[in-house]
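Residue-level listing of the chains:
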Amino acid sequence: MRSFFDPTLIEHGGAAFIREDKVNDALARLIPKVHITKGHFSCPTRAELRDLTWNHMDQNHRPLIHRTYGDTVRVHISQQSAFTLTKFGNWPAIIPMFDGYHKENGFYQVTCLFGLIVIITVIECNSTEQGTRMDVDWAIASHRLLRFLHGPLDRRLKRLNEAQNREDEVIRDQRVALRAVGYRFLTDTPDFMNSNVLAHNVVFPPVGRLHSIPLAELAEGQTQRIEICDRAYVVRRTGETVEVWPGICPHEGAPLQAEHVRSGTVKCPWHGLEFGVRKLSPDAPAITVCGARLQVTDASLTIRPVQAGVINA
Ligand code: FES
Ligand SMILES: [Fe+2]
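Values in this document were obtained by computation on a predicted structure and should not be read as measured data. (Residues numbered from 1 in each chain as written. Chains lettered and ligands numbered in written order. Predicted model: local features only at pLDDT ≥ 70, side-chain atom pairs only at ≥ 80, totals over all residues.)

**Some thoughts on the overall build of the chain**
Broken down by element type, the chain carries four helices and 22 strands. Along the longest, intermediate and shortest principal axes, the C-alpha atoms of the chain span 80 × 45 × 35 Å. Counting the 313 residues in the chain, one finds 28% classified as buried. At a minimum sequence separation of 6, the contacts of the chain that also span at least 24 residues come to 51%. (Helix = DSSP H or I, 4+ residues; strand = E, 2+ residues; numbered from the N terminus. Buried ≥ 20, exposed ≤ 12 C-beta atoms within 10 Å, placed from the backbone. Contact = placed C-beta atoms within 7 Å.)

**Some thoughts on the domain arrangement of the chain**
Partitioning the chain into domains gives domain 1 (9–185) and domain 2 (206–304). Tallying the contact residues gives 12 residues for domain 1 and nine residues for domain 2. Within the residue set of the side of domain 1 that touches domain 2, elements represented by two or more residues are helix H3 (62–65) and helix H4 (150–180). No other element matches H4, which puts four residues into the side of domain 1 that touches domain 2. Of the residues contributing to the side of domain 1 that touches domain 2, the split by class is seven nonpolar, four polar and one charged. (Domains from an automatic or database assignment. Nonpolar A, V, L, I, M, F, W, Y, C, P; charged D, E, K, R; others polar.)

**Section: the nonpolar core**
Ranked by internal contacts, the top residues of the largest apolar core, which has 29 residues, are Tyr233, Val244, Trp245, Leu256 and Leu294. Both domains that furnish three or more residues to this core are identified here as domain 1 (9–185) and domain 2 (206–304). In this view, Tyr233 contacts Ile226, Val244, Trp245, Pro246, Gly247, Val289 and Cys290; residues no more than four positions away in its chain are not counted. In this structure, Phe107, Ile119, Ile123 and Val136 belong to the second largest nonpolar core, which totals 15 residues. (Core = buried A, V, L, I, M, F, W, Y, C linked by C-beta atoms within 7 Å.)

**Overview of the sheet that holds strand S21 (residues 292–297)**
Pairing in this open sheet of four strands is antiparallel, and the strands run S12-S22-S21-S20 from one edge to the other. The two strands at the open ends of the sheet, each matched to only one other strand, are strand S12 (211–214) and strand S20 (287–289). Averaged over all adjacent pairs, the angle separating strand axes in this sheet is 30°, with direction ignored. Across three bridges, the pairing between S20 and S21 is antiparallel. Paired with Ile287 across the two strands is Leu294, which belongs to S21. (Pairing = 2+ DSSP bridges. Axes fitted to C-alpha atoms, helices over the stretch in contact; angles between N-to-C directions.)

**Considering unusual backbone geometry**
Look at Phe114: it is not a glycine, yet its phi comes out positive at around 55°. Examined against the element boundaries, Phe114 turns out to sit in the loop between strand S7 (106–113) and strand S8 (117–127). Judged by C-beta crowding, with 9 C-beta atoms within 10 Å, Phe114 ranks as exposed.

**Observations concerning the environment of Leu52**
Mapped onto the elements of the fold, Leu52 is located in helix H2 (residues 49–57). Residues Leu52 and Cys125, spaced 73 residues apart in sequence, show a C-alpha to C-alpha distance of 7.0 Å. Setting aside chain neighbours within four positions, we find Leu52 in contact with Thr45, Ala47, Cys125, Thr132, Met134 and Arg172.

**What to know about the sheet that holds strand S17 (residues 265–267)**
Pairing in this open sheet of three strands is antiparallel, and the strands run S16-S17-S18 from one edge to the other. Looking at strand neighbours, the two that pair on one side only are strand S16 (261–262) and strand S18 (274–276), the edges of this open sheet. Sheet topology note: the S16/S17 ladder contains two bridges and is antiparallel. Bridge pairing links Arg262 to Thr265 in S17.

**Quick look at the environment of Gln295**
Its location among the elements puts Gln295 in strand S21. Those residues in contact with Gln295, other than ones at most four positions away along the chain, are Leu280, Ala286 and Thr302.

**Quick look at the packing of H2 against H4**
The N-to-C vectors of H2 and H4 enclose an angle of 135°; their axes lie 10 Å apart at closest approach. Classified by the angle their axes make, H2 and H4 are oblique. At the point where H2 passes H4, the crossing takes the right-handed sense. Only Asp168, Ile171, Arg172, Arg175 and Val176 of H4 make contact with H2, whose side of the interface consists of Asp51, Leu52 and Asn55. (Parallel < 35°, antiparallel > 145°, perpendicular 65-115°, else oblique. Left-handed = near helix turned anticlockwise from the far one by under 90°.)

**Digging into the pairing of strand S22 (residues 300–304)**
Only one face of S22 is covered, namely the one carrying Leu301 and Ile303; the face carrying Ser300, Thr302 and Arg304 has none of its residues buried. Here S12 pairs with S22 via four bridges, running antiparallel. Along S22, the bridge assignment pairs His211 with Ile303. Where S21 meets S22, five bridges bridge the pair, whose relative direction is antiparallel. Bridge pairing in S22 places Val296 opposite Leu301. Counted between consecutive antiparallel strands, the loop separating S21 from S22 contains two residues, among which Asp298 sits at a positive phi close to 50°.

**Remarks on H4**
Its 31 residues give H4 an end-to-end C-alpha distance of 43 Å, which sits within 8% of 45 Å, the value for a rise of 1.5 Å per residue. The largest bend along H4 reaches roughly 30° and is located at Glu169. Of the positions making up H4, those classed as buried are Asn161, Asp168, Ile171, Gln174, Arg175 and Leu178. Along its buried surface, H4 packs onto strand S3 (34–45), H2, H3 and strand S9 (132–143). Just past H4, the residue Gly182 takes up positive phi, approximately 105°. (Expected span 1.5 Å × (residues − 1). Bend = angle between axes of the 7 residues up to and from the residue.)

What follows is the structure, given as structure tokens:
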């Protein structure tokens, strides 16, 4: 273990962070006549620890899923930390936000409002007998003259955490459901880098054997979602031509629905990736979508295993 000039720092996996028990002392040193208000939010979850961790590290879902986030500028990302400038709704107010993975399944989130109020949040994810739990503890610190702002801010942070957890639960539950039928994710060991790159991180379960759907079962001209072989497709049949989009987003597994198709492109609601249409007809070759080979033959849409080596197309 290295010693730092600042003895309050402690090393964790190639980075150093301030020790949790030293945060208040540091704030008191920094802010004369400091007033500190502590708040707490806790919730049980059905997700695995790795899903909770990934969900926190995945910064790109925030403006799309949480209404409380406006636009963002990402200044820095490393495996263990990220620094972002976030717009507060539509207000011309910019909030700097530091996220750091400071211990196993634990995060710091640090922000400063108008240079006057510091909020340091510690997020911890733990296993319980029923599943997992997320504990969020924050310290609001400012000069004591501003302590009248602490109460409203504290209540706002509680409401924010409740709302965000409700919204995030949908994402995490989808991940759990997919894993239960054999999916894996390249972000199963998440860090800030792999959770924020543009990549197809879903590893689809293998298709065991050939399946086929008679084309007559697909309503003519109607965009619809079909579920088959533990995966889903959004399709539209016109005569013997079938337009195909993924029904499970290959990025991180969001369910894509017929209503997400606009002008020939399906747009994912989680991070906004768009996927163009692929077309199948009796003369067209097979295509790989959602880790399976699709082809139109003998008036049927067939779904078969991919060749070895193609896992997450
Ligand atoms: S899950 Fe990320 S863009 Fe679809
Ligand atoms: Fe979130």
